[in-house]
Amino acid sequence: MKKIIFIIAIVAIASVSFSQTSNSWRIGIHLTSIDNPSNYSGGSGDANAIFEQRNFNSGALDLTWRYFCNEHWSFQSGLTFGELGFSFSMAKDYSLLNKQSQYAVNNAGLGIAQIPLTAFYDFKPNCKNSRFYIGAGISVLSRTDSSAKTVNAELSDETATSSSALYLNQTINSGNSISLTGQLMLGIERTLKNGGMIQVGLVFNKGTKDIASTTVNYNINNKAYTHKFKNRGDYWGITLGYYFREHQKK
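Since this is a predicted model, take the numbers as computed values, not measurements.

A. Molecular detail of the overall build of the protein chain. When you go through the protein chain residue by residue, the secondary structure sums to two helices and 15 strands. Looking at the 250 residues of the protein chain, the share that counts as buried comes to 41%. Of the contacts made within the protein chain by residues no fewer than 6 positions apart, 74% connect residues no fewer than 24 positions apart.

B. Examining a nonpolar patch on the surface more closely. The grouping of Trp25, Ile27, Ile29, Leu31, Leu61, Leu63, Trp65, Leu79, Phe81, Ile115 and Phe244 at the surface amounts to a nonpolar patch, some 920 Å² of accessible area in total. Contributions of two or more residues to the nonpolar patch are made by strand 1 (24-36), strand 4 (56-68) and strand 5 (73-91). Considering every element that reaches the nonpolar patch, the biggest residue donor is strand 1, with four residues. Among the secondary structure elements, tryptophan 65 is positioned in strand 4. The exposure class assigned to tryptophan 65 is partly exposed, which follows from its relative accessible area of 35%.

C. Focus on the nonpolar core. In this structure, Phe51, Leu84, Phe88, Leu168, Val216 and Tyr218 are the most contacted members of the largest nonpolar core, which totals 21 residues. At the level of secondary structure, the elements contributing two or more residues to this core comprise strand 5, strand 6 (103-122), strand 9 (167-173), strand 12 (212-220) and strand 13 (223-231).

D. Examining the side chain of glutamate 189 more closely. Here glutamate 189 lies in strand 10 (residues 178-191). A polar contact is formed between the side chain of glutamate 189 and the side chain of glutamine 199, at a distance of 2.9 Å. When near neighbours in sequence (up to four residues on either side) are disregarded, glutamate 189 contacts Arg66, Asp122, Asn129, Ser130, Arg131, Tyr133, Met197, Ile198 and Gln199.

E. Structural view of the sheet that holds strand 12. Pairing is antiparallel across the open sheet formed by five strands, whose spatial order is 2-13-12-9-8. Strands with a single pairing partner mark the edges of an open sheet, and in this sheet they are strand 2 (39-43) and strand 8 (149-152). Within this sheet the neighbouring strands show an average axis-to-axis angle of 25°, counted without direction. The pairing of strand 12 with strand 13 spans nine bridges and is antiparallel. Directly across from serine 213, in strand 13, lies its bridge partner lysine 230.

F. Fine view of empty space enclosed by the protein. By the definition in use, this model includes one cavity of 30 Å³ or more. Each pocket or cavity is described by its volume, and for the largest cavity that value is around 190 Å³. Taken together, 19 residues line the largest cavity, and the ones lying closest to its centre are Asp62, Thr80, Gln183, Met185 and Val203. Among the secondary structure elements, those contributing two or more residues to the lining of the largest cavity are strand 1, strand 4, strand 5, strand 6, strand 10 and strand 14 (235-243). Per element, the largest residue contribution to the lining of the largest cavity is five residues, and it comes from strand 5. Its residues assigned to classes, the lining of the largest cavity shows seven nonpolar, 11 polar and one charged.

What counts, and at which threshold
Residues numbered from 1 in each chain as written. Predicted model: local features only at pLDDT ≥ 70, side-chain atom pairs only at ≥ 80, totals over all residues. Heavy atoms only, no water. Helix = DSSP H or I, 4+ residues; strand = E, 2+ residues; numbered from the N terminus. Buried < 20%, exposed > 50% of the residue type's maximum accessible area, 1.4 Å probe, protein only. Contact = heavy atoms within 4.5 Å. Patch = residues over 30% accessible without salt bridge, like charges linked within 9 Å, V, L, I, M, F, W, Y side chains within 5 Å. Areas by Shrake-Rupley, 256 points an atom, 1.4 Å probe, with all protein chains shown as cover. Salt bridge = Lys/Arg side-chain N within 4 Å of Asp/Glu carboxyl O. Core = buried A, V, L, I, M, F, W, Y, C linked by side-chain atoms within 4.5 Å. Polar contact = N/O pair within 3.5 Å; in protein donor to acceptor, adjacent residues only side chain to side chain. Pairing = 2+ DSSP bridges. Axes fitted to C-alpha atoms, helices over the stretch in contact; angles between N-to-C directions. 1 Å grid on protein atoms, 1.4 Å probe; cavity = no way out; pocket = protein on both sides within 12 Å on 5 of 7 lines; lining within 4 Å. Points joined across faces, edges and corners; volume = space filled by probe spheres on them. Nonpolar A, V, L, I, M, F, W, Y, C, P; charged D, E, K, R; others polar.

Purely spatial values, then, with no claim about function.
Take a look at the structure:
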């Protein structure tokens, strides 16, 4: 805990330092897709052929403050709100007229909040006022949903009552904690005629410790299976952002 407080203090000091030396600053808003994997950690190592582990897919909203030191270097922080979790599916009989019904999907997510600290390097703009950028930094990640929850598979009553019924549920557990993650960002941004700036890029987030775990139970033809998985907060995604008009330092 002391290390986390120390790092947050460094983030705060760095924010003040950059704001005092910046030539300008912008406020931005971003929408980011999230593709979040989980890792097998215990239980039965053998899985049935119709069972599938999936990456958890969701989205995030980013509110950002970006300070521009010069033409190439800038510094960004803010708040990110999103969801990470676990996703599993089981194949089942389906209609060729409705192929989306082939899988019973079981999703369980938990809310997160992040405070990033990222340094950006912008390359020279081209004739259309667009330029590539690359950024790297750290993020303080906090879980906003700490309660255990059980999620059942979406199966019809007719299937659930048959002798060969498919059954799947998972219980996700996460306690209150704060962890650090590393971030890498790259993409392209363009300054608009109205003074705003749009940004499209990729973001990669790497966790340093497990933030949640889940136990998956399912039954196929009266045979029970149990698997355990952990989530470290790793994810990647595509981000689309808009920065409002630039403000010059007074």
